Amino acid sequence: EAQVTQNPRYLITVTGKKLTVTCSQNMNHEYMSWYRQDPGLGLRQIYYSMNVEVTDKGDVPEGYKVSRKEKRNFPLILESPSPNQTSLYFCASTPRVTHFNEQFFGPGTRLTVL
Amino acid sequence: AQTVTQSQPEMSVQEAETVTLSCTYDTSESDYYLFWYKQPPSRQMILVIRQEAYKQQNATENRFSVNFQKAAKSFSLKISDSQLGDAAMYFCAYGGGADGLTFGKGTHLIIQP
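A brief look at the structure comes next. (Residues numbered from 1 in each chain as written. Chains lettered and ligands numbered in written order. Predicted model: local features only at pLDDT ≥ 70, side-chain atom pairs only at ≥ 80, totals over all residues. Heavy atoms only, no water.)

1. So, the overall build of chain B
Counting its secondary structure elements, chain B contains zero helices and twelve strands. In sequence order, chain B lays out its α and β elements as β-β-β-β-β-β-β-β-β-β-β-β. Taken along its principal axes, the extent of the C-alpha atoms in chain B is 40 × 25 × 20 Å. Burial statistics for chain B: of 113 residues in total, 49% are counted as buried. The contacts of chain B with a sequence gap of at least 6 include a subset with a gap of at least 24, amounting to 54%. Total accessible area on chain B is roughly 5,500 Å²; 45% of this is exposed by carbon and sulfur atoms. Taken together, the 9 basic and 11 acidic charged side chains of chain B have centroids lying 2 Å from each other. (Helix = DSSP H or I, 4+ residues; strand = E, 2+ residues; numbered from the N terminus. Buried < 20%, exposed > 50% of the residue type's maximum accessible area, 1.4 Å probe, protein only. Contact = heavy atoms within 4.5 Å. Areas by Shrake-Rupley, 256 points an atom, 1.4 Å probe, with all protein chains shown as cover. Lys, Arg positive; Asp, Glu negative; His and termini not counted. Charge placed at Lys NZ, Arg CZ, Asp CG, Glu CD.)

Following this line, the structure appears as structure tokens:
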């Protein structure tokens, strides 16, 4: 089944404790991205990657890191989480940046930083 | 940068009636895509309908249709014969290139039985 998976689905952590949210897709998509969703703000892009070893900042990159060492995986790293990073996070992929007719979304990760 | 505006934070409609959700966007590009996504309480993002800007014909998917006005930069979603399962947050989104999708803030749709 073609899908985007994220882990964990729910996470409660404390300020300053490094964490990683994994994202994997099995569709051989080139383009992957991370969004955060906050009430009243919609979804905002954090980082994106057009292919392996190619990443770039989105609209709200502060406090986040990403890597793209393999085509299928695109982890989101919070090196020192803070309460303002409490949010719902989505990973998404699309075949390629020039084939932008749909993004496939993961199920979301609900993160709470205390 | 592109912007997407959904001016209706919340809409309510009686079951079986028709409702229209509004969306406007701003871009200087001529080739792009527009989308409506549905987010039910499960939080999953579900693609409802998409429109390619170079196509003049409005997209339709069963009970869902759009009114795409390129010159006015307007992209409204019409839901006909509303059903209880249509209750959700609806997001309008613009996609035009390497910087991913730009989303509106969403419209919460309530279906009254």
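Back to the write-up after that little detour.
2. Focus on the nonpolar core
Nonpolar side chains tend to gather and get buried jointly when the protein is soluble and globular. One finds Leu-21, Tyr-25, Trp-36, Phe-75, Leu-77, Tyr-90 and Leu-109 of chain B to be the most contacted residues of the largest nonpolar core, which totals 26 residues. Among the elements of the structure, strand 2 (10–14), strand 3 (19–21), strand 5 (33–39), strand 6 (46–52), strand 8 (64–69), strand 9 (74–79), strand 10 (88–95) and strand 12 (107–112) of chain B are those that each provide at least two residues to this core. With four residues, the top contributor of residues to this core is strand 10 of chain B. Among the nonpolar cores identified, the runner-up in size contains 19 residues, and Cys-23, Val-60, Phe-74 and Leu-78 of chain A belong to it. (Core = buried A, V, L, I, M, F, W, Y, C linked by side-chain atoms within 4.5 Å.)

3. A word on the interface of chain B and chain A
Listed by partner, the interface residues are 19 residues for chain B and 21 residues for chain A. A buried area of about 1,700 Å², summed over both sides, lies between chain B and chain A, and 57% of it is on carbon and sulfur atoms. Along the contact surface separating chain B from chain A lie zero salt bridges. Joining chain B to chain A, the criterion identifies four residue pairs in polar contact (both at pLDDT 80 or more). For the side of chain B that touches chain A, the leading source of residues is strand 5 of chain B, giving four residues. In terms of residue class, the side of chain B that touches chain A is built from nine nonpolar, six polar and four charged. (Buried area = accessible area lost by both parts, 1.4 Å probe. Salt bridge = Lys/Arg side-chain N within 4 Å of Asp/Glu carboxyl O. Polar contact = N/O pair within 3.5 Å; in protein donor to acceptor, adjacent residues only side chain to side chain. Nonpolar A, V, L, I, M, F, W, Y, C, P; charged D, E, K, R; others polar.)

4. So, the layout of surface pockets
In this structure, the largest pocket encloses a volume near 340 Å³. As for the largest pocket, its lining consists of 18 residues, and the residues nearest its centre are Arg-44 and Asp-59 of chain A together with Gln-2, Thr-102 and Phe-103 of chain B. Elements that contribute at least two residues to the lining of the largest pocket include exactly strand 5 (42–51) of chain A together with strand 1 (3–5) and strand 11 (101–103) of chain B. For the lining of the largest pocket, the element with the highest residue contribution is strand 5 of chain A, accounting for four residues. Lining the second largest pocket, in full, are Gln-37, Asp-38, Pro-39, Gly-40, Gly-42, Leu-88 and Arg-110 of chain A together with Gln-39, Arg-43, Met-89, Phe-91 and Lys-105 of chain B. Counting only elements with at least two residues in the lining of the second largest pocket, the list comes to strand 4 (31–38) of chain A together with strand 10 of chain B. Considered class by class, the residues forming the lining of the second largest pocket number four nonpolar, four polar and four charged. (1 Å grid on protein atoms, 1.4 Å probe; cavity = no way out; pocket = protein on both sides within 12 Å on 5 of 7 lines; lining within 4 Å. Points joined across faces, edges and corners; volume = space filled by probe spheres on them.)

5. A look at unusual backbone geometry
Look at the link from Asn-7 of chain A to Pro-8 of chain A: it is a cis peptide, with omega at -5°. Within the secondary structure, Pro-8 of chain A is located in the loop between strand 1 (4–7) and strand 2 (10–13).

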